[in-house]
Amino acid sequence: MTQQKELELQLSIQQEVLQRRNQEMEQDSAALQQEKERLESEAAELAMRLDAVMRDKFAHQPSGFDADTPIDKTLNLLHGIIAGQQPQVQAAMDLYHILSESDTPLRQPVALETQLLAEHLDDDVGRSMLQLLQGNHSRRALKEELSRSVSKGSGGNWGLVQGALGGLSSQDVATSYVPQNVTPVIERMLQDAESNWHFDVFGFDEECKGKGLSVLAFHLYKQAGFIRDFKLYEVKLINFLQKAESGYSSANPYHNSIHATSVLQMTHMLLHHGGVLKSRAVSKAQYMSSYWSAITHDYEHGGLNNDFLIKTAHPLAIRYNDQSPLENHHVAAAAGLLSQDEYRFMKFAALKSETIMQVRICCINQVLGTDMKKHFDIISRFEAAFKRPDANSLNRGAVEEALEWDKVKPEDKTLAHQMLVKCADIGHLAAAPRTHKRWATLLEDEFFIQGDKEKAAGLPVSPLMDRSMKGGMTRSQLGFFNIVGIPLFKSFTELFPEAQPMLDGVLDNFKHWELGTAMEDLPP
């Protein structure tokens, strides 16, 4: 009996100990829950503050431009209905009429032409932006302009046009390509190119004696391990890079090999430091393709835009049926080099057919995507595919990690790949202020040259390309930043938050245009 009481007492003591431990664990659990709720509250507050900061950064933008496409407006209307909201009858009727028009471009901002030619934009600036961005239906205005010119007896001189254009063929191949002895200065600059958002591309090209594209491209191919992993012919790769570089005319103030070098370096930065490689948004083959696209994206550019080629019935416009003649030529001509043995640096027999096809598809889509006529279509589809949750509901970094790229549809991955090269193509908007201003001035010079050729051919001079008028392309920078640049870089950065330094650079340069900062007063 005594032994039984002792056992009962021990059991009672153990039960009391267990009960106390359970109570302590419940208290700890409650404390952990409170701590969790506190951290979630702080995270939500930080997200709200971040969102407020981003809104403040863009507070200076005019609210007059409505970038919503018909598809955006339809999705917003449906989202409201799903959320239980009563749609406004007038808004629904407006959308009905927009969608009822047979020629409504679904992936272009509604009433783009009307918006760009609105009173708040300079007339020439609006017409210039319209020429840059509007799709095929803008041909009507182009034909009307040409017919007016012809009726005055000033047009139709195609021989003069062809003479003014010259050829789009390559220059003679330079005898020395990649320097045999890379100087310590070049070596340091190559290291800088790997990690600097404000890389001095002009200084680099000067140090490389005009061979900056070839030097940087070969360096990046080696560093990325492409020569080893894809069993590339090193000598033939050098031959190809030599030929590609020779296809950029130094007579072009803007579309020259330095521009291609700048695009290549920015592509590298977005891949390595903008979170693209880290996210696994590209395969190894697409990684190499992105470099190739940057290197060749303006191959054999004649310094004249697509509109000029189309309205002069240039052979490239005829060949490609007025559809992105330049971009089609860039990628076709550069890819055509690979059919020649001396430039065929890829060992096609050693590669899987899927790899070869993946490389080709990626390059074609990226280069064709640089045509600004496709800008709104690409960015609209990109935002629809990767629309981020509201900043108040989820941390942006967590969203990035949650995206499983192996489950993303191939066509949506293509949009991300196109956005990568699109950002790099106008990456000078994010460059150091003086470098950016220098690029803007060079582009203005190239536009003036086209204006001169249009005058010589008896054609109407394109907006902002008449050097006899006060100011040229640089007058349109505020509009270009607001309508094209900032939304493009912001959209990319929302998917790849590590690209924030690029967006910061864009906003900094926009501020200088707003303030009218003179070149000598810009920070280096």
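Residues numbered from 1 in each chain as written. Predicted model: local features only at pLDDT ≥ 70, side-chain atom pairs only at ≥ 80, totals over all residues. Heavy atoms only, no water.

Secondary structure assignment for the protein chain yields 25 helices and zero strands. Nonlocal contacts in the protein chain, meaning residues at least 24 apart in sequence, comprise 78% of its contacts between residues at least 6 apart. About 26,400 Å² of surface is accessible on the protein chain, with carbon and sulfur atoms providing 53% of the total. (Helix = DSSP H or I, 4+ residues; strand = E, 2+ residues; numbered from the N terminus. Contact = heavy atoms within 4.5 Å. Areas by Shrake-Rupley, 256 points an atom, 1.4 Å probe, with all protein chains shown as cover.)

Attention now moves to the pattern of salt bridges. For the structure on display, the rule yields 15 salt bridges. When the shortest N-O distance is used, the salt bridge between Glu498 and Lys278 registers 2.8 Å. Separated by 220 residues along the polypeptide, Glu498 in the loop between α24 (477-495) and α25 (500-515) and Lys278 in helix α14 (residues 276-279) bring together distant segments of the chain. The class for Glu498 is partly exposed, based on a relative accessible area of 35%. (Salt bridge = Lys/Arg side-chain N within 4 Å of Asp/Glu carboxyl O. Buried < 20%, exposed > 50% of the residue type's maximum accessible area, 1.4 Å probe, protein only.)

Attention now moves to the environment of Phe386. Among the structural elements, Phe386 can be located in the loop between α20 (375-385) and α21 (396-402). When sequence neighbours within four positions are dropped, the list of residues in contact with Phe386 reads Leu403, Trp405, Val408, Asp412, Ala416 and Leu495.

As a further point, take the nonpolar core. One finds Tyr221 and Phe492 to be the most contacted residues of the largest nonpolar core, which totals 101 residues. Sequence-distant contacts of Phe492, defined by excluding residues within four places in its chain, comprise Leu270, Val276, Phe382, Ala416, Met419, Leu420, Cys423, Ala499 and Met502. In this structure, Leu304, Phe308, Ile310 and Leu316 belong to the second largest nonpolar core, which totals eight residues. (Core = buried A, V, L, I, M, F, W, Y, C linked by side-chain atoms within 4.5 Å.)

So, about unusual backbone geometry. For Glu300, which is not glycine, the phi torsion reads 60° and is therefore positive. As for its position among the elements, Glu300 is in the loop between α15 (284-296) and α16 (306-311). You can call Glu300 buried: its relative accessible area is 11%. At Asp322, a residue that is not glycine, the phi angle is positive and equals roughly 65°. Inspection of the secondary structure assignment puts Asp322 in the loop between α17 (315-319) and α18 (325-337). According to the relative accessible area criterion, Asp322 is partly exposed, its value standing at 26%.

Taken as a whole and assessed by the stated rule, the structure comprises 17 aromatic pairs. Measuring from centroid to centroid gives 5.4 Å for Phe199 and Phe204, while their planes differ by 55°, and the two rings are tilted. Neither residue differs from the other here; Phe199 and Phe204 are each classed as buried. When the ring of Phe481 is compared with that of Phe510, the centres are 5.7 Å apart and the planes differ by 45°; the resulting orientation is tilted. Of this pair, Phe481 sits in helix α24 while Phe510 is found in helix α25, placing the two residues 29 residues apart along the sequence. Residues Phe481 and Phe510 agree in their burial class; the two are buried. Taken together, the ring pairs connect Tyr221, Phe226, Phe230, Phe240, Tyr287, Tyr291, Trp292 and Phe345 into an aromatic cluster. The ring of Trp513 has Lys437 sitting right over it, with the charged end atom 5.0 Å from the ring centre. (Phe/Tyr/Trp six-rings, centres within 6.5 Å; stacked < 30°, edge-to-face > 60°. Lys NZ or Arg CZ within 6 Å of the ring centre and 35° of its normal.)

It is worth spelling out a nonpolar patch on the surface at this point. The grouping of Leu75, Leu78, Ile81 and Ile82 at the surface amounts to a nonpolar patch, some 410 Å² of accessible area in total. Mapped onto the elements, Ile81 comes out in helix α2 (residues 70-82). Residue classification places Ile81 among the partly exposed residues on the basis of a relative accessible area of 43%. (Patch = residues over 30% accessible without salt bridge, like charges linked within 9 Å, V, L, I, M, F, W, Y side chains within 5 Å.)

As for its placement among the helices and strands, Ala431 is situated in the loop between α22 (410-425) and α23 (433-456). Here Ala431 falls in the buried class, since its relative accessible area comes to 13%. Separated by 231 residues in the primary sequence, Ala431 and Asp200 place their C-alpha atoms 8.9 Å from one another. The residues contacting Ala431, other than those within four sequence positions of it, are His198, His436 and Asn509.

With that settled, consider the packing of helix α10 (residues 212-224) against helix α12 (residues 234-246). Orientation of α10 relative to α12, taken along the N-to-C sense of each, is 145°, at an axis distance of 9 Å. Crossing angle aside, the handedness with which α10 passes α12 is right-handed. Residues Gly212, Leu213, Ser214, Ala217, Phe218, Tyr221 and Lys222 of α10 touch α12, and the partners they reach there are Glu234, Leu237, Ile238, Leu241 and Glu245. Its residues assigned to classes, the contact of α10 with α12 comprises seven nonpolar, two polar and three charged. (Axes fitted to C-alpha atoms, helices over the stretch in contact; angles between N-to-C directions. Left-handed = near helix turned anticlockwise from the far one by under 90°. Nonpolar A, V, L, I, M, F, W, Y, C, P; charged D, E, K, R; others polar.)

The residue Asn328 is located in helix α18 in this model. A polar contact is formed between the side chain of Asn328 and the backbone oxygen of Gln323, at a distance of 2.7 Å. Aside from chain neighbours lying at most four places away, what touches Asn328 is Tyr320, Gln323 and Leu368. (Polar contact = N/O pair within 3.5 Å; in protein donor to acceptor, adjacent residues only side chain to side chain.)

As a further point, take the confidence of the model for the protein chain. Mean pLDDT over the protein chain stands at 83; residues scoring 70 or higher make up 79%. The low-confidence segment residues 148-177, where pLDDT is below 50, has 59 contacts with residues more than four positions distant or belonging to other chains. Contacts for the low-pLDDT stretch residues 390-400, under 50 throughout, to residues beyond four places or in other chains number 20 contacts. (pLDDT = per-residue confidence, 0-100.)

With that settled, consider α18. Taking 1.5 Å of rise per residue, 13 residues should cover 18 Å, and α18 covers 18 Å from first to last C-alpha, within 8% of that figure. Counted residue by residue, α18 has 10 buried out of 13 residues, so it is predominantly covered. What α18 keeps buried is the set Pro325, Leu326, Glu327, Asn328, His329, His330, Val331, Ala333, Ala334 and Leu337. Summarising the contacts, the buried residues of α18 are in contact with α12, α15, α16, α17 and α19 (353-368). (Expected span 1.5 Å × (residues − 1).)

So, about the side chain of Thr267. Positionally, Thr267 belongs in helix α13 (residues 257-272). Beyond its immediate stretch of four places on either side in the chain, Thr267 contacts Ser290, Tyr291, Ala294, Leu420 and Ala424.

Moving on: the packing of α2 against helix α3 (residues 89-100). One can describe the packing of α2 onto α3 by two numbers: an axis separation of 11 Å at closest approach and a directional angle of 145°. Of the two possible hands of crossing, α2 and α3 adopt the one that is left-handed. Together, Pro70, Lys73, Thr74 and Leu77 of α2 and Leu95, Ile98 and Leu99 of α3 make up the contact between the two elements. Across the contact of α2 with α3, the residue classes tally to five nonpolar, one polar and one charged.

On to α23, then. In an α-helix there are 3.6 residues to a turn, and that puts residues three or four apart on one side. Along its 24 residues, α23 runs 35 Å from first to last C-alpha, staying within 8% of the 34 Å computed at 1.5 Å per residue. Following α23 by one or two positions, Gly458 adopts a phi angle in the positive range, close to 75°.

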